[in-house]
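The primary structure of each chain is shown beneath.
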Amino acid sequence: QPKNVSGKTGEKVKVTVSATGDGLTYKWYYKNRGASKFLYTSTFDNKPAYTVTMDDTRDGRQIYCVITDKYGVEIKTNTVTIGLPAVITKQPSNASAAIGSTIKTTVSVSGHGLTYQWYVKNYGDSEFVKSSITKKTYSYTMTESKAGREVYCVITDMFGNKVQTKTVTLKSNIKIISQPTNVSAAVGKKVSTSVTATGTDLKYQWYVRNYSQKGFYPSSITDATYEYVMTAEKSGRQAYCVITDRFGNSVTTDTVTFTKK
């Protein structure tokens, strides 16, 4: 039986059939992509091979052959496709999402009978492994353990041609769940405010400015909560926090004010 064949633009593709019998004749029929009917072509009469130069107009063309022997017995071959090999038209891209959110990346490919296989490597792993995703879009719910995951896709067309995408990285980003708030307390009492955020390997740096000071400066506080004991001199102090994750993403909280009662 003839087989599906592919070729790049300008290349010749050849579909062949082998048959035994007496006084065999061959008639080839074709249907271009999108057409409703097969058409007979006399160009390849009595030839067991159908040969054309590949171009866009012939991409996806379907072909079959009717073979007749000298006794009038007719056999129709199976229908096969000629086409251009798979080509990546748009690569997947790096992406980021907050913990708990869906993250995805997509590849666009031209070709026929495409199948997709994604491969993944988590942050810190040494090798890629085959994933369960066999669609053009790779997606999952972001977690800390899956932050920094690298992925690529291998696409195979109906002719057996394979193309591989570039490798992209899927990172988590930082999402502030609750901002710090303004606080007041009596002199000698503790004032405290906190930020809640999601992300990967988060680091916190608070910046402060006392009343009458012009610029903020980094404090010694490097966790999610900023606190101190209120004094008359520290009333009116302002503070904000810069949060940074493993990937270098950073966000800045609102600026809050601490006042004495």
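Data block above holds the structure.
Quick caveat: nothing in here was measured; it's all calculated off a predicted structure.

Q: An account of the packing of aromatic side chains is needed here, citing residue identities and associated values.
A: Geometry of an aromatic ring pair is reported as the spacing of the ring centres plus the angle between the planes. Going through the model one piece at a time under the given rule, you end up with 15 aromatic pairs. Taking the centre distance of 5.7 Å and the plane angle of 50° together, the rings of Trp28 and Tyr50 count as tilted. Of this pair, Trp28 sits in strand β3 (residues 25–31) while Tyr50 is found in strand β5 (residues 49–53), placing the two residues 22 residues apart along the sequence. Here Tyr50 falls in the buried class, since its relative accessible area comes to 2%. Ring centres 5.2 Å apart and planes at 15° place the aromatic pair Tyr119 and Tyr152 in the stacked group. Of the two residues, Tyr119 is situated in strand β13 (residues 115–121) and Tyr152 in strand β16 (residues 149–156); the sequence distance between them amounts to 33 residues. For Tyr119, a relative accessible area of 21% puts it in the partly exposed group. Through a chain of ring-to-ring contacts, three or more aromatic side chains come together here, namely Tyr29, Phe38, Tyr40 and Tyr64. Cation over ring: Arg149 sits above Tyr140, and NZ or CZ is 4.8 Å from the ring centre. Stacked on the ring of Tyr123, the Lys or Arg Arg246 has its end atom at 3.9 Å from the ring centre.

Q: If you had to explain the environment of Pro218 to someone new, which residues and values would you point to?
A: Along the chain, the position of Pro218 falls in strand β24 (residues 217–218). Through-space distance from the C-alpha of Pro218 to that of Gln205 is 7.0 Å; in sequence the pair is 13 residues apart. The contacts of Pro218, once residues within four sequence positions are left out, are Gln205, Trp206 and Tyr207.

Q: An account of the side chain of Arg149 is requested, with residue identities and associated values reported.
A: Mapping Arg149 onto the fold places it in strand β16. Excluding its chain neighbours within four sequence positions, the residues that come into contact with Arg149 are Val120, Lys121, Asn122, Tyr138, Tyr140, Val168, Thr169 and Leu170.

Q: An account of unusual backbone geometry is needed here, citing residue identities and associated values.
A: For Asp201, which is not a glycine, the phi torsion comes out positive at approximately 50°. Assignment of secondary structure puts Asp201 in the loop between β22 (196–198) and β23 (203–209). Note on Asp201: relative accessible area 43%, which makes it partly exposed. With phi around 85°, Ser212 is a residue other than glycine that occupies positive phi space. Tracing the sequence through the fold places Ser212 in the loop between β23 and β24. According to the relative accessible area criterion, Ser212 is exposed, its value standing at 68%.

Cut-offs used in this document
- Residues numbered from 1 in each chain as written.
- Predicted model: local features only at pLDDT ≥ 70, side-chain atom pairs only at ≥ 80, totals over all residues.
- Heavy atoms only, no water.
- Phe/Tyr/Trp six-rings, centres within 6.5 Å; stacked < 30°, edge-to-face > 60°.
- Helix = DSSP H or I, 4+ residues; strand = E, 2+ residues; numbered from the N terminus.
- Buried < 20%, exposed > 50% of the residue type's maximum accessible area, 1.4 Å probe, protein only.
- Lys NZ or Arg CZ within 6 Å of the ring centre and 35° of its normal.
- Contact = heavy atoms within 4.5 Å.

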